[in-house]
4 protein chains.
Amino acid sequence: MAKIKTKRERVKFASDNVTGACPEVLDAILKANDEDRTPYGNDELSKNLQNKFSEIFEKEVIVFPTASGTAANALALSTMTPSFGNIYCHRLSHINVDECGAPEFYTGGAKLVNLDGINGKIIPEELDDSISGKGIVHHTQPSSVSITQLCETGVAYQLDEIKKISEVAHKHKLNIHMDGARFANAIVSLNCSPAEMTWKSGIDVLSFGATKNGCFAAEAIIFFNKDLVGNLPFLMKRVLMKRAGHLLSKMRFVSAQLDAYLSNEVWLKNARHANAMGKKLSQGLQLNKNIKLAYPTDANEVFVKIPKNIIDQFNSHGYKINDEEWENKAVRLVTAWNTDPSDVDSFLNIIKS
Amino acid sequence: MAKIKTKRERVKFASDNVTGACPEVLDAILKANDEDRTPYGNDELSKNLQNKFSEIFEKEVIVFPTASGTAANALALSTMTPSFGNIYCHRLSHINVDECGAPEFYTGGAKLVNLDGINGKIIPEELDDSISGKGIVHHTQPSSVSITQLCETGVAYQLDEIKKISEVAHKHKLNIHMDGARFANAIVSLNCSPAEMTWKSGIDVLSFGATKNGCFAAEAIIFFNKDLVGNLPFLMKRVLMKRAGHLLSKMRFVSAQLDAYLSNEVWLKNARHANAMGKKLSQGLQLNKNIKLAYPTDANEVFVKIPKNIIDQFNSHGYKINDEEWENKAVRLVTAWNTDPSDVDSFLNIIKS
Amino acid sequence: MAKIKTKRERVKFASDNVTGACPEVLDAILKANDEDRTPYGNDELSKNLQNKFSEIFEKEVIVFPTASGTAANALALSTMTPSFGNIYCHRLSHINVDECGAPEFYTGGAKLVNLDGINGKIIPEELDDSISGKGIVHHTQPSSVSITQLCETGVAYQLDEIKKISEVAHKHKLNIHMDGARFANAIVSLNCSPAEMTWKSGIDVLSFGATKNGCFAAEAIIFFNKDLVGNLPFLMKRVLMKRAGHLLSKMRFVSAQLDAYLSNEVWLKNARHANAMGKKLSQGLQLNKNIKLAYPTDANEVFVKIPKNIIDQFNSHGYKINDEEWENKAVRLVTAWNTDPSDVDSFLNIIKS
Amino acid sequence: MAKIKTKRERVKFASDNVTGACPEVLDAILKANDEDRTPYGNDELSKNLQNKFSEIFEKEVIVFPTASGTAANALALSTMTPSFGNIYCHRLSHINVDECGAPEFYTGGAKLVNLDGINGKIIPEELDDSISGKGIVHHTQPSSVSITQLCETGVAYQLDEIKKISEVAHKHKLNIHMDGARFANAIVSLNCSPAEMTWKSGIDVLSFGATKNGCFAAEAIIFFNKDLVGNLPFLMKRVLMKRAGHLLSKMRFVSAQLDAYLSNEVWLKNARHANAMGKKLSQGLQLNKNIKLAYPTDANEVFVKIPKNIIDQFNSHGYKINDEEWENKAVRLVTAWNTDPSDVDSFLNIIKS
């Protein structure tokens, strides 16, 4: 018993991917399990996702559900980037650092051009300066831009920042991708509509993350730009998914998760809660004068600089905080859809005494 | 209501992947959802799979769970086959025909050498004759052999057949892979142990299928040959999974399925039922003198030649039988863990009248 | 001295790639070496190839010179075939058997679908039957057809045969490639124009071989179909060459070879001689009643079945004849632009006595 | 006449790859063309390269001749770097900037990690700091280091610099590659032995460049580290070459170039002359107080900052100097084995008046 409790505490705040699924998503799985259905995403639930997402995004979009965020990112980028292409991204970006080269694998060897940016975010001017070599046979060719929202420092791109980056991308005739692993948290943070944060700000393709915010394993690649699908036949995108082993036979159980997640504002409700807990945690930590915020807490990720002795104090209570992993020796703490206010309080109490 | 009923009947017997998960697997998902856990397969459930499978196979094996059978096959083959390698397989094999080139994608362009075999099964002599070119720089290099158990005609390889094929493979220093998408059904059909059907018969790597037989999306790559893992560092196999987007963050929900599936003989119980239903269906169909078996019914797949007018009769009741898809204009009908005897009876009744 | 002579005889008739360059090509190299020039094919000689080939083919063509026939084939196919594509070819074809998987490497894992054909040539009916799966997500997608002229049995496709195969390819919306490693020998054999044997018969892309027929290392990829270049930007083809290491810095020395080869009918003169020597050799061998032609001698390749004791007789004179390599235990003997009639006589004299 | 002169002057100093072959290499080609020979590098000349290079490097080395420097680099790196590997290199390095992603293509998608270094050279400390992530499944894996000698600013690594970088690489169990496109010029600059600049300083694999310094198209991949060849079977390296289209059938003409190049110190003689001309050009330019060296002139590449009006003056005489291409708006001028002292004088005279 005690052992289990220790274990639970250990992973709390480690990431939002330590959570399970929220009740609504679990119910949807149970319901989808009632009888036999056509496989490979040809069931009614899966087909209906097209409408569901189109409604949410106020635009007819094209949707491919997947069970993996890495797959969503890499497949999305592979439709926008030839093997001899450049993908411009922040040097800290998940696609560059944490996917073991998935974009390179799926594109057949594209180059991820690293940008320094500020606070984890790409800066339009640096992007503009970096795009070069077009039409010169010796150089890999500028092809796409990718930004992460929330970005890797937990900070959210503001709408005008996204717009300016998109403008640079489009000026150079590149497509722009958003890695929305924490899409819902960003939406809540900006208090804007999904449309505003994506195609209305110039985004062409989105990796819509749902796993971290209340699903088991459910993501979606969303195309806003019809021409992208026009250039590369629609079917071929599914072929790529099949070829990579990401077209699950019982795809309906991924679709069921997404369906429930998008219904009745479950996704927003979960994110609102996670962000509120993030704020509570961030404010609580800042009460300690030895702890400093490394980046603003825009949503559910709190980056703080904590002295070694305080880290040791936390870890002696079963947490596993690692100060080696992030830039500037910052520590990352993440709240989630299921973080209980008392979880935050217990954590903060450790350093109160 | 009526609409739903029609839909259900439509997919019955179309494949065993139209089913959902069995109660035990569903329970395991619910249970695994109780609290937070370490991600990426570092949770207790996932780690314990190693022991669970080692017990089942009477040997210390190395296990990588995945959510996709195509991924399991392609990843397994990519550990045994360089980009310039030959994979010897039956021309009808799933890896050759139905995975949109996944083995080619994961290996970086290996060649699938097609064998004609007999009744869907590879013949040792033909395999032996086909393996050539070793050490000649102009030729792709013999690297691995893959057989499917049950094979694509629903027939099971007998133990001595597997042994003879393995001997040929090993004589040429090739590794041998078994695509066990319907592994449980084959085990029940042969009435042998998992060890006997695999490493005791020379198999080096297995794609262990569980999705079709009662899971949502759960497969496992199982290495019996320590040297295979020795040559290529252990970590690197996980790297391949991560890189391909198949290392799910909430991997514990895949592991939970496998854990429940392997516990209390659930997997064998499910397969026994499916095979029994296959036998019932096969025997029932053969009572009609216009219907002929195309291949023996060894397990849960029934391949029959049915005259066009009888097919039309079935389809007028909502089934979707397609006589174009398979060799020899045979029709494939598949029973599953959840096939009700009355489902078979209803189907057979159509042609009784 | 004697040692060198033995060596020469040993390789005579082994292949036409044992030869060096003809005097005209050698002169061109010397001439191109007179002063400095712009690198990477931007010199006058290289640019002029476009016109030179367009004249020869009576059509404005697009030309990419390379130093390697394997590269020419693989690069050509990679512009017509996505990674998830099928390339339909004869099972004996060079691209399938003798290039160590280069088409798979350059396409990123396309599938070479093997056809049996007759006498080494693809049969339109078999091709038509084999093309399937279009639009079905589980199957690799029909993309291109490749024929070899002369084919691998030394036989030449007749114009109407090429036309029929092209019609099948185009009916299915596939592009068709000709591997013209022995293009000149085939032209002389058919006594037709280069235009007639290619685009007038439906060919979309040609690998124009020159190395075997009098150059050091010079081939060219020739696009007849403007749309192929239209779909994939022109530059990108050069990018592929650069990326693969086939855009030589001193490309002018490849261009110089092709320029001289195409001038003053050098290429046809060389091929006429090689074919005449092939005929002489073929007829001489057939005088021996123990030797049988395996395939008709259409040009400069002679395929014969020779009893073991006669092979031993040849080899005791320093030749290295191998009866294991080809189908039907046939032996391949190849004449070239530099085969002396006395070479043929010396060879035939061995079995006269 | 005048037209040709203008053309010649235009490319003079643009690069050392605008030159042709030196007389000794040309003679070797003529000589190798005397009679028929075994193809694919199985001729005596090619086989003898192994000894020739082993002698030059005072060690038994393993040699693969190629016709392309990009291919040499990419093939070399692909033997040291898995698809999920990191190659650490300078951000200005040719493999990173000027090969259109060839290393990514040949490795199947490795990541080139860019280092800033100083003056175009990698700094051991920065390298050491950058190598991380080993054994962590989310990160691409440290695999190899590549340095260019001469580096991209024309500067030569000193022996102790190479040693320190090798030590860092080997400390992390990475292999180290040297891109020796201007290997001879560096040897002359350091006045050391080939052994000292390579394996005695820790280099594992070398791309030995010969094209720029007096050949038509001849490079060689040289393995110093037997274990590298031991791990990956020897044959497989040739398979990779064949598969990529770089195993030329008439390989003997590449070997002949290398053979002549290495004989009688031709390579050193050529490089000595080129470097002397580089020095003469560098010193002459520095006499003009408006022209500043951007990097030291260690060998045959002169990087200078030249005011726009002086550049215009040069270009009005037919030169094509581009100040956009290099860092810091420096201009690169390159001398070669065939640069005449009067070429340098004519160039300098333009700004004297």
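Residues numbered from 1 in each chain as written. Chains lettered and ligands numbered in written order. Predicted model: local features only at pLDDT ≥ 70, side-chain atom pairs only at ≥ 80, totals over all residues. Heavy atoms only, no water.

J.: Help me understand the overall build of chain A, please; the structure alone is not making it clear to me.
T.: Along its length, chain A carries 16 helices and 10 strands. The globule rule puts the C-alpha radius of gyration for 353 residues at 20 Å, and the 21 Å found for chain A is close to it. Here chain A holds 353 residues, and 64% of them are scored as buried. If you take every contact in chain A between residues at least 6 apart in sequence, the share linking residues at least 24 apart comes to 75%. By element, 50% of the accessible surface of chain A is carried by carbon and sulfur atoms, the whole surface being about 12,700 Å². In chain A, 41 side chains carry a positive charge and 41 a negative one; their mean positions are 3 Å apart. (Helix = DSSP H or I, 4+ residues; strand = E, 2+ residues; numbered from the N terminus. Rg over C-alpha atoms; globule rule 2.2 N^0.38 Å. Buried < 20%, exposed > 50% of the residue type's maximum accessible area, 1.4 Å probe, protein only. Contact = heavy atoms within 4.5 Å. Areas by Shrake-Rupley, 256 points an atom, 1.4 Å probe, with all protein chains shown as cover. Lys, Arg positive; Asp, Glu negative; His and termini not counted. Charge placed at Lys NZ, Arg CZ, Asp CG, Glu CD.)

J.: Is there a simple way to explain the relation of the copies chain A and chain B in this structure?
T.: Related by rotation about an axis and a shift along that axis, the two copies of the chain form a pair. For these two chains of identical sequence, chain A goes onto chain B by a turn of 180° and a shift of 0.0 Å along the axis, with RMSD 0.0 Å. Classification of the inter-copy transformation places it as that of a two-fold axis. Residues of chain A ranked by C-alpha distance from the rotation axis are headed by Ala244 of chain A, positioned 3.7 Å from it. A share of 100% of interface residues in chain A that are also interface residues in chain B marks the association as one of identical surfaces. (Least-squares fit on C-alpha atoms with pLDDT ≥ 70 in both.)

J.: I keep staring at the interface of chain A and chain B and nothing clicks. Help me out?
T.: Put simply, an interface is often sized by how much accessible area is lost when its parts join up. Contacts between the two partners involve 52 residues from chain A and, on the opposite side, 52 residues from chain B. In total, about 4,300 Å² of surface goes out of reach between chain A and chain B, with carbon and sulfur atoms giving 55% of it. By the criterion of area lost to chain B, the three top residues of chain A are Asp36, Arg243 and Lys250 of chain A, representing 18% of everything that side buries. Our count for the contact surface shared by chain A and chain B stands at two salt bridges. Taking the shortest distance from any N to any O, the salt bridge between Lys12 of chain B and Asp36 of chain A comes out at 2.9 Å. Taken together, chain A and chain B are joined by 31 residue pairs in polar contact (both at pLDDT 80 or more). Contributing elements (two or more residues each) for the side of chain A that touches chain B: helix 1 (2–11), helix 2 (23–32), helix 4 (69–78), helix 6 (102–107), helix 12 (234–243) and helix 13 (252–262) of chain A. Class assignment for the residues of the side of chain A that touches chain B results in 22 nonpolar, 13 polar and 17 charged. (Buried area = accessible area lost by both parts, 1.4 Å probe. Salt bridge = Lys/Arg side-chain N within 4 Å of Asp/Glu carboxyl O. Polar contact = N/O pair within 3.5 Å; in protein donor to acceptor, adjacent residues only side chain to side chain. Nonpolar A, V, L, I, M, F, W, Y, C, P; charged D, E, K, R; others polar.)

J.: What should I look at first to understand the nonpolar core in this one?
T.: What tends to happen in soluble globular proteins is that the nonpolar side chains get buried as a cluster. Counting 189 residues, the largest nonpolar core has Phe53 and Phe208 of chain C together with Phe53 and Phe208 of chain D as its most contacted members. Core analysis: the second largest hydrophobic core is formed by 188 residues, Leu248 of chain A together with Leu49, Cys215 and Tyr261 of chain B among them. (Core = buried A, V, L, I, M, F, W, Y, C linked by side-chain atoms within 4.5 Å.)

J.: Please explain the packing of aromatic side chains as it appears in this structure.
T.: By convention here, two paired aromatic rings are described through the distance between centres and the angle between planes. A complete count under the given rule lists 78 aromatic pairs over all chains for this structure. Between Phe57 of chain B and Phe208 of chain B, the aromatic rings sit 6.4 Å apart at their centres with planes inclined by 80°, giving edge-to-face as the arrangement. In this pair, Phe57 of chain B is assigned in the loop between helix 3 (44–56) and strand 1 (62–66) and Phe208 of chain B in strand 6 (residues 205–209), connecting sequence segments 151 residues apart. Note on accessibility: Phe57 of chain B and Phe208 of chain B belong to one class, buried. A centroid spacing of 6.4 Å and a plane angle of 45° characterise the contact between Tyr261 of chain B and Trp267 of chain B, whose relative ring orientation is tilted. There is no split in this pair, since Tyr261 of chain B and Trp267 of chain B are both buried. Clustering of aromatic rings is evident, with ring pairs tying together Phe53, Phe57, Phe183, Phe208, Phe224, Tyr261 and Trp267 of chain A. Here the guanidinium or amino end of Lys121 of chain A rests over the ring plane of Tyr157 of chain A, the centre of that ring lying 5.8 Å away. Cation over ring: Lys59 of chain D sits above Trp199 of chain D, and NZ or CZ is 5.2 Å from the ring centre. (Phe/Tyr/Trp six-rings, centres within 6.5 Å; stacked < 30°, edge-to-face > 60°. Lys NZ or Arg CZ within 6 Å of the ring centre and 35° of its normal.)

J.: I keep staring at the environment of Phe13 of chain C and nothing clicks. Help me out?
T.: Residues and elements named next belong to chain C. By secondary structure assignment, the location of Phe13 is in the loop between helix 1 (2–11) and helix 2 (23–32). Residue Phe13 is classed as buried on the basis of its relative accessible area of 1%. Beyond its immediate stretch of four places on either side in the chain, Phe13 contacts Leu281, Tyr319, Arg332, Leu333, Val334, Thr335, Thr339, Asp343, Val344 and Phe347.

J.: What is the right way to read unusual backbone geometry from this model?
T.: Negative phi is the rule for most residues except glycine; trans is the rule for most peptide bonds. Omega for the bond connecting Gln149 of chain C with Leu150 of chain C falls within 30 degrees of zero, at -20°, which places this linkage in the cis form. When you line up the elements, Leu150 of chain C lands in the loop between strand 4 (141–148) and helix 8 (159–171). A positive phi angle, near 55°, is found at Asn119 of chain A, a position not held by glycine. On the secondary structure map, Asn119 of chain A appears in the loop between strand 3 (111–115) and helix 7 (124–130).

J.: Just checking my understanding: could you explain the side chain of Glu219 of chain C for this structure?
T.: Residues and elements named next belong to chain C. Along the polypeptide, Glu219 turns up in strand 7 (residues 219–223). Lys212 provides the closest opposite charge to the buried, salt-bridge-free Glu219, at an N-O distance of 6.2 Å. Those residues in contact with Glu219, other than ones at most four positions away along the chain, are Phe64, Pro65, Thr66, Ala67, Ser68, Gly69, Ala72, Phe208, Gly209, Ala210, Thr211 and Leu258.

J.: Please clarify how the packing of helix 14 (residues 266–286) of chain C against helix 16 (residues 341–352) of chain C should be interpreted in this entry.
T.: Between two packed helices, the angle of one axis relative to the other and the distance separating the axes together describe the packing. Residue and element names in this part refer to chain C. Packing of helix 14 against helix 16 leaves a shortest axis separation of 10 Å and a crossing angle of 10°. On the basis of their axis angle, the class for helix 14 and helix 16 is roughly parallel. When the axes of helix 14 and helix 16 are compared, the crossing they make is right-handed. Packed against helix 14, whose contacting residues are Met277, Lys280, Leu281, Gly284 and Leu285, the element helix 16 presents Pro341, Val344, Asp345, Phe347, Leu348 and Ile351 at the interface. Here the contact of helix 14 with helix 16 is composed, by residue class, of eight nonpolar, one polar and two charged. (Axes fitted to C-alpha atoms, helices over the stretch in contact; angles between N-to-C directions. Parallel < 35°, antiparallel > 145°, perpendicular 65-115°, else oblique. Left-handed = near helix turned anticlockwise from the far one by under 90°.)

J.: I tried to follow the sheet that holds strand 5 (residues 175–180) of chain C on my own but got confused; where do I start?
T.: Hydrogen bonding along the main chain pairs the strands of a sheet, whether they run parallel or antiparallel. Residues and elements named next belong to chain C. With respect to topology, seven strands assemble into an open sheet ordered 1-7-6-5-4-2-3, the strand pairing being mixed. Strands at the two margins of the open sheet, each flanked by one partner only, are strand 1 (62–66) and strand 3 (111–115). Pairs of neighbouring strands in the sheet enclose a mean axial angle of 20°, with direction left out of account. Relative to strand 7, strand 6 (residues 205–209) is paired through five bridges, and the arrangement is antiparallel. Within the sheet, the bridge partner assigned to Phe208 lies in strand 7 and is Ala220. (Pairing = 2+ DSSP bridges.)

J.: I would appreciate a short explanation of the interface of chain B and chain D in the present structure.
T.: Chain B puts 18 residues into the contact, and the matching count from chain D is 18 residues. Approximately 1,600 Å² of surface area, both sides summed, lies buried where chain B meets chain D, with 71% of it carried by carbon and sulfur atoms. Looking at the side of chain B facing chain D, the largest losses of area belong to Phe84, Val137 and Arg243 of chain B, adding up to 38% of the total buried there. At the junction of chain B and chain D, the tally comes to zero salt bridges. The interface formed by chain B and chain D holds eight residue pairs in polar contact (both at pLDDT 80 or more) in total. At seven residues, the largest contribution of residues to the side of chain B that touches chain D is made by helix 12 (residues 234–243) of chain B.

J.: I tried to follow the pairing of strand 7 of chain C on my own but got confused; where do I start?
T.: Put simply, side chains in a regular strand alternate between the two faces of the sheet. All names here are of chain C. Burial of strand 7 is extensive: five of the five residues sit out of reach of the surface. In strand 7, alternate side chains face the same way, and those of Glu219, Ile221 and Phe223 on one face and Ala220 and Ile222 on the other are all buried. Alignment of strand 1 against strand 7, held across five bridges, turns out to be antiparallel. In the sheet register, Phe64 faces strand 7, and the bridge partner there is Ile221.

J.: How should I be thinking about the side chain of Glu99 of chain C in this particular structure?
T.: Note on placement: Glu99 of chain C falls in the loop between helix 5 (94–97) and helix 6 (102–107). No salt bridge is formed by the buried Glu99 of chain C, whose closest oppositely charged neighbour, Lys242 of chain D, lies at an N-O distance of 6.4 Å. Only 2.9 Å separates the side chain of Glu99 of chain C from the side chain of Asn73 of chain C, close enough to count as a polar contact. Sequence-distant contacts of Glu99 of chain C, defined by excluding residues within four places in its chain, comprise His138 of chain B, Thr70, Asn73 and His94 of chain C together with Lys242 and Arg243 of chain D.

J.: What am I meant to see in the packing of helix 2 (residues 23–32) of chain B against helix 13 (residues 252–262) of chain B here?
T.: All names here are of chain B. Where helix 2 contacts helix 13, the two axes come as close as 8 Å, and the packing angle between them is 140°. One element, helix 2, and the other, helix 13, form an angle in the oblique class. For the pair helix 2 and helix 13, the sense of crossing is right-handed. Judged by residue contacts, Glu24, Val25, Ala28, Ile29 and Ala32 of helix 2 engage Arg252, Phe253, Ala256, Gln257, Ala260 and Tyr261 from helix 13. Along the lines of polarity and charge, the residues of the contact of helix 2 with helix 13 split into eight nonpolar, one polar and two charged.

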